[in-house]
Amino acid sequence: MSPEIQNKQGPKQALFNNLILHLHPPKVHERTLELAHTWGLGGMPLVLVMLLTLTGILLMFVYEPSPKLAYDSIITLQEEIWFGQLIRNIHHWSGNILVIVSFLHLLRVFFTGAFQGARSFNWVIGLCLFFLVLISNFTGYLLPWDQLAFWAITICTGMLEYLPGLGLWLQNMIRGGEDVGQATLSIFFTIHVVIVPLCLFLLMPFHFWRVRKVGGVVVPRSSVNDSEEKNIYVSTVPNLVIRELVVGLVLIAFVMVFSLIFDAPLEAKANPGLSPNPTKAPWYFIGLQELFLHFHPLFAVWIIPILVVCSLIILPYLKFDSDMAGYWFHSPKGRQMGVFAVVTALVVTPLIVFISDFFVDFTAWLPRIPGFVTGGLLPLTLVLVSIIAFYIAVKKAYSASNNEAIQSVFILLLSSFVILAIIGYWFRGPGMALTWP
Ligand code: HEM
């Protein structure tokens, strides 16, 4: 910023502007200010991380990270400390909303094609941030030391042992021993209050700086000829900053109201001798738990998630046949294909779950063939062949481009995963059998 402007502004405002302009470019394209372009979804995780830090510090004054005292300290907090329940609620709901909002932000970036070219590496940084958000939530899940927490973490960490050779070692390392106990709580607590926040506070500014480096968020375009429109740039302060402030305040108000109405769940104190039936993973891992019911554990816990993560990492480096940047869903055709993918997932996913639960059991039918082939390799090959067939079919049926077809496969898989999570959350009862909620 020029010294003349700084002089006119006075020292306080100059300091504020300097801070803002380290994170934002001095000018932004006018159209990037439209709410329906980003929905403010990138700024929301930052606000939530700040809320979490603030309430987390307050919780640490009361919380005791030991299996004997943790649960009682939560009860004391809720019943004896002024606003203790509210502070716990804000922390709990902010953490959950953070998972949702970061994921929606990932989708916004994907569906506006803002992950290609100069933005590719920022997509990968974003994935690391999302991973940190999940770790943060997962490690926090154990801390109240109630039945829900204890058994969810027991089954989730128990799944690790299915990695041949390394699994048991990895499980013991994360648990700090064979069972979930004092060592697990200390490890989870340290990761939750020190390691993850530190990584987030290092990685977030890097993520913002990469956005600044390419001149701000991707510029929206509503038609192919849009690039011929006039490029109007406006100054970041106050145009962008005021909008960010409004989104932040509305979000904080929403979290407050939500936390006043709904209390964070707390079940009975953890009892390692009595497992609830069914025992379910935290909601954001329930889709994976559902996969576990249909695939050999090695595939459900390791191979499929690794395939998904690798695909997400290499996504921006794939060869696309046109520049998607700025078009929501790429084109009207892309939008239609997206709807078709959602409808396909809505019909096919419950059908496959039903058939897999009641009719098809390759492992029982082919007892001489190893379980990882009949329960893993064979069904996964069938799924992959179906995905390729879907890709070819939609590309042909809609005379679609490579981008549009890849996008519809992404929507198909995403919708299927959400449907699996819904089935796991609401339609699984005792023994994880299918039930009506
Ligand atoms: C704690 C989590 C995250 C925070 C705080 C965050 C924050 C932000 C902010 C403030 C922006 C600019 C404004 C906007 O696009 O709305 C941005 C852009 C971006 N983010 Fe994130 N983000 C997070 C997670 C992610 C994830 C999970 C991804 C994807 C894997 C991602 C990929 C990107 C990309 C590629 C851009 C540039 C988009 C563009 O130029 O239009 N971010 N992020």
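Residues take numbers from 1 onward in each chain, read along the sequence in its written order. Only residues with pLDDT of at least 70 are given local features in this predicted model, and only at 80 or more are side-chain atom pairs given and counted; all residues enter the totals for whole chains, interfaces and linings. Here the side-chain values reflect all heavy atoms present in the structure, with hydrogen atoms and water set aside.

Undergrad: Would you take a moment to explain the site of the ligand for this structure?
TA: Only a single heavy atom is needed: when it lies within 4 Å of a molecule or strand, its residue is near that molecule or strand. Among the 23 residues in the neighbourhood of the ligand, the closest are listed as His105, Arg108, Arg119, His207 and Val218. Those elements that place two or more of their residues in the shell around the ligand are helix H4 (43-60), helix H6 (84-111), helix H7 (120-142) and helix H10 (182-213). Comment: elements are numbered from the N terminus, with helices defined as DSSP H or I runs of at least four residues and strands as E runs of at least two. Element by element, the count of residues in the shell around the ligand is highest for H7, at six residues. Each residue gets one label: Ala, Val, Leu, Ile, Met, Phe, Trp, Tyr, Cys and Pro are nonpolar, Asp, Glu, Lys and Arg are charged, and the others, such as Gly, are polar. Broken down by class, the residue content of the shell around the ligand amounts to 14 nonpolar, seven polar and two charged.

Undergrad: Is there a simple way to think about the coordination of the iron atom of the ligand in this case?
TA: Octahedral metal centres with six donors ideally show angles of 90 or 180 degrees, and tetrahedral centres with four donors ideally show 109.5 degrees. Only N, O and S atoms count as donors, using a 2.8 Å cut-off from the metal and 3.2 Å for Na, K and Ca, and because water is excluded some sites may appear unfinished. Bound to the iron atom of the ligand on the protein side are His105 (NE2) and His207 (NE2), at distances that span 2.0 to 2.1 Å. Only two sets of limits are used to name each site, 85 to 135 degrees for every angle of a tetrahedral four-donor site, and over 155 degrees for opposite donors with all other angles from 65 to 115 for a square planar four-donor or octahedral six-donor site, with any other site named irregular. Taken together, the six donor atoms coordinating the iron atom of the ligand and their angles of 85 to 179 degrees define a geometry best described as octahedral. Of this pair, histidine 105 sits in helix H6 while histidine 207 sits in helix H10, and the two are 102 residues apart along the sequence. A relative accessible area of 19% places histidine 105 in the buried class. The rule is simple: take the accessible area with a 1.4 Å probe, protein chains only, and divide by the maximum for that residue type; under 20% is buried, over 50% is exposed, in between is partly exposed.

Undergrad: Hey, could you run me through a nonpolar patch on the surface in this one?
TA: Patch membership needs two things, relative accessible area over 30% and no salt bridge, and members are linked within 9 Å if like-charged or within 5 Å if nonpolar (Val, Leu, Ile, Met, Phe, Trp, Tyr). Accessible areas in this description were obtained via Shrake-Rupley with a 1.4 Å probe; residue shielding takes into account the shown protein chains only. The salt bridge criterion pairs a side-chain nitrogen of Lys or Arg with a carboxyl oxygen of Asp or Glu, the two atoms within 4 Å. A surface patch of nonpolar side chains, about 860 Å² in accessible area, is lined by Ile242, Leu245, Leu249, Ile252, Met256, Val257, Leu260, Ile261 and Phe262. Among the structural elements, isoleucine 252 can be located in helix H11 (residues 236-261). Look at isoleucine 252 and you get partly exposed, because its relative accessible area is 30%.

Undergrad: Looking at this model, I keep getting lost on the environment of histidine 294. Mind explaining?
TA: Position of histidine 294 among the secondary structure elements: in helix H12 (residues 286-294). What makes histidine 294 buried here is its relative accessible area of 18%. Expressed as a C-alpha distance, the spacing of histidine 294 and proline 379, which sit 85 residues apart in the sequence, is 8.7 Å. Contacts: residue pairs with any heavy atoms within 4.5 Å of one another. Discounting chain neighbours no more than four positions away, the residues touching histidine 294 are Val353, Ser356, Asp357, Gly375 and Arg428. Pairing of N or O atoms within 3.5 Å defines a polar contact, subject to two protein rules: one partner must be a possible hydrogen donor and the other a possible acceptor, and residues neighboring in sequence count only if both atoms are side-chain atoms. In terms of polar contacts, histidine 294 uses its side chain to reach the side chain of glutamate 290, at 2.8 Å. For histidine 294, the side chain forms a polar contact with the side chain of serine 356, separated by 2.7 Å.

Undergrad: Teacher, can you tell me more about the side chain of lysine 280 here?
TA: Here lysine 280 shows up in the loop between H11 and H12. Just so you know, the count uses Lys and Arg for positive and Asp and Glu for negative, and it drops His and the chain ends. For the buried lysine 280, no salt bridge exists, and the shortest N-O distance to an oppositely charged side chain is 7.8 Å, to glutamate 290. Side-chain polar atoms of lysine 280 contact the backbone oxygen of glycine 424, separated by 2.9 Å. Looking at lysine 280, its side chain comes within polar contact range of the main-chain oxygen of tyrosine 425, at 2.9 Å.

Undergrad: How should I be thinking about the pattern of salt bridges in this particular structure?
TA: The final tally for this structure, using the stated rule, is four salt bridges. Residue lysine 269 is joined to aspartate 72 by a salt bridge in which the shortest nitrogen-to-oxygen separation is 3.8 Å. One end of the pair, lysine 269, is in the loop between H11 and H12; the other, aspartate 72, is in helix H5 (residues 70-80), with 197 residues separating them in the sequence. What makes aspartate 72 partly exposed here is its relative accessible area of 38%. In this structure, aspartate 357 and arginine 428 form a salt bridge, with 2.8 Å as the shortest nitrogen-oxygen distance. Remark: arginine 428 occurs in the segment after helix H17 (402-426) and aspartate 357 occurs in helix H14 (residues 332-358); sequence separation between them is 71 residues. The class of aspartate 357 is partly exposed, set by a relative accessible area of 29%. Several salt bridges share partner residues, and in doing so they unite Glu290, Asp357 and Arg428 into one network.

Undergrad: For this particular structure, what's the right way to read H11?
TA: The α-helix advances 3.6 residues per turn, and as a result positions three or four apart in sequence lie on the same side. The span you would expect from a helix comes to 1.5 Å times its residue count less one. In this model H11 runs 36 Å from its N-terminal to its C-terminal C-alpha over 26 residues, within 8% of the 38 Å that 1.5 Å per residue would give. Buried residues of H11: Thr236, Leu240, Val241, Val247, Gly248, Leu251, Val255 and Ser259, and no others. Structurally, H11 contributes buried residues whose contacts are with helix H2 (11-23), strand E1 (27-29), H4, H6 and strand E2 (233-235).

Undergrad: Explain unusual backbone geometry to me, please; I cannot follow it from the model alone.
TA: Leaving glycine aside, a negative phi is the common case for residues, and trans is the common case for peptide bonds. With an omega of 10 degrees, the peptide bond running from valine 237 to proline 238 counts as cis. Mapped onto the elements, proline 238 comes out in helix H11. In this chain, asparagine 277 is followed by proline 278 through a cis amide linkage whose omega measures 5 degrees. In this structure, proline 278 sits in the loop between H11 and H12. Its identity as a non-glycine residue notwithstanding, histidine 330 has a phi of 75 degrees, on the positive side. Locating histidine 330 in the fold gives a position in the loop between helix H13 (297-314) and H14. With a relative accessible area of 12%, histidine 330 lands in the buried category. Although it is not a glycine, methionine 432 adopts a positive phi angle of roughly 60 degrees. Among the structural elements, methionine 432 can be located in the segment after H17. Residue classification places methionine 432 among the buried positions, given a relative accessible area of 13%.

Everything listed here is a matter of geometry and, on its own, says nothing about what the molecule does.
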